[in-house]
Amino acid sequence: GESVGLHLPTLSVQEGDNSIINCAYSNSASDYFIWYKQESGKGPQFIIDIRSNMDKRQGQRVTVLLNKTVKHLSLQIAATQPGDSAVYFCAENSGGSNYKLTFGKGTLLTVNP
Amino acid sequence: NAGVTQTPKFRILKIGQSMTLQCAQDMNHNYMYWYRQDPGMGLKLIYYSVGAGITDKGEVPNGYNVSRSTTEDFPLRLELAAPSQTSVYFCASSYDGAKGNQPQHFGDGTRLSIL
């Protein structure tokens, strides 16, 4: 079955709060994970990635955490802004593939001003 | 760099018509991909290519064809359009080198309706 994500969940936060978006994966052989942001009418935009030899990686206002023990990935957005409102997808390289990604169905993040 | 460029942005087809969705990238990426995205769903891989002259089927290839005659271009062909092919189509590219996996970069999609 689908290895990443379930029915599209939603998350609503207040501007300035921190957001945490979660993702579960089932293929323990996957060793590369990516978070994408998709705004309405646009293609997915790369946010941050992480390899399985790491458990945390930080970018600008974003942090990705990887817990291989429970096969869980999370994206933390600090000081969430209205411009962060979008659907967020996690993706894994299917079983360690160099190119095939398996995408979850996404989480809709709404930021209230 | 323009990145990944897809044309057209929108198209309406009648059942049985054919068309080609164009995709071009100017990042010298060796890997290219076609996905479809249905409402409320994640991306499903249709076809992919690891280099010029090489293509392979993804998860949902039926009803589609591709070619990769150059590094830059990766067109997707629908021969006999069916209502089930109504979707948003995304093209992506990535670079595979000594660093291993690299993120895929996407175009802004082609919204296709089959009536």
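In what follows, the accompanying structure is described. (Residues numbered from 1 in each chain as written. Chains lettered and ligands numbered in written order. Predicted model: local features only at pLDDT ≥ 70, side-chain atom pairs only at ≥ 80, totals over all residues. Heavy atoms only, no water.)

1. Focus on the sheet that holds strand 3 (residues 19-25) of chain B
Residues and elements named next belong to chain B.
Then step 1. Pairing is antiparallel in the open sheet, where four strands are placed in the order 1-3-8-7. The open sheet has two edge strands, strand 1 (4-7) and strand 7 (64-66), and neither has a second partner. Going across the sheet, the axis of each strand differs from the next one's by a mean of 20°, ignoring polarity.
Then step 2. The pairing of strand 3 with strand 8 (residues 76-78) spans three bridges and is antiparallel. Pairing of Thr20 across the sheet is with Arg77, part of strand 8. (Pairing = 2+ DSSP bridges. Helix = DSSP H or I, 4+ residues; strand = E, 2+ residues; numbered from the N terminus. Axes fitted to C-alpha atoms, helices over the stretch in contact; angles between N-to-C directions.)

2. Digging into the sheet that holds strand 5 (residues 56-58) of chain A
Residue and element names in this part refer to chain A.
Then step 1. Here four strands make up an open sheet; going across it, the order is 2-7-6-5 and the pairing antiparallel. Each having just a single partner strand, strand 2 (19-24) and strand 5 make up the two edges of the open sheet. Put simply, the sheet's adjacent strands are angled 15° from each other on average, direction ignored.
Then step 2. Two strands pair when backbone bridges link them, and strand 6 (residues 62-67) and strand 7 (residues 72-77) are joined in this way by six bridges, in the antiparallel orientation.

3. Re the side chain of Ser87 of chain B
All names here are of chain B.
Then step 1. Looking at the element boundaries, Ser87 is found in strand 9 (residues 87-94).
Then step 2. On the accessibility criterion, Ser87 (6% relative accessible area) is buried.
Then step 3. A distance of 3.0 Å separates a polar atom in the side chain of Ser87 from the backbone oxygen of Gln37.
Then step 4. Residues in contact with Ser87, not counting those within four places in the same chain, are Arg36, Gln37, Asp38, Thr110, Arg111 and Leu112. (Buried < 20%, exposed > 50% of the residue type's maximum accessible area, 1.4 Å probe, protein only. Polar contact = N/O pair within 3.5 Å; in protein donor to acceptor, adjacent residues only side chain to side chain. Contact = heavy atoms within 4.5 Å.)

4. Observations concerning the pattern of salt bridges
Side-chain pairing between opposite charges can occur once the charged atoms of the two side chains come close.
Residue and element names in this part refer to chain A.
Then step 1. Within the structure shown, the criterion is met by five salt bridges over all chains.
Then step 2. Note that Asp84 and Arg61 form a salt bridge whose closest N and O atoms lie 2.9 Å from each other. Remark: Arg61 occurs in the loop between strand 5 and strand 6 and Asp84 occurs in the loop between strand 7 and strand 8 (86-93); sequence separation between them is 23 residues.
Then step 3. For Arg61, a relative accessible area of 31% gives the class partly exposed. (Salt bridge = Lys/Arg side-chain N within 4 Å of Asp/Glu carboxyl O.)

5. Re the pairing of strand 8 of chain A
Residue and element names in this part refer to chain A.
Then step 1. For strand 8, the buried fraction is high: eight of the eight residues fall into the buried class.
Then step 2. Where strand 3 (residues 32-38) meets strand 8, six bridges bridge the pair, whose relative direction is antiparallel. Bridge pairing in strand 8 places Trp35 opposite Cys90.
Then step 3. Looking at chain direction, strand 8 and strand 10 (residues 107-112) are connected through three bridges and run antiparallel. By the bridge assignment for strand 10, Tyr88 is matched with Thr107.
Then step 4. When strand 8 meets strand 9 (residues 101-103), the two strands line up antiparallel, connected through three bridges. Within the sheet, the bridge partner assigned to Ala91 lies in strand 9 and is Phe103.

All we've got here are geometric facts, nothing functional implied.
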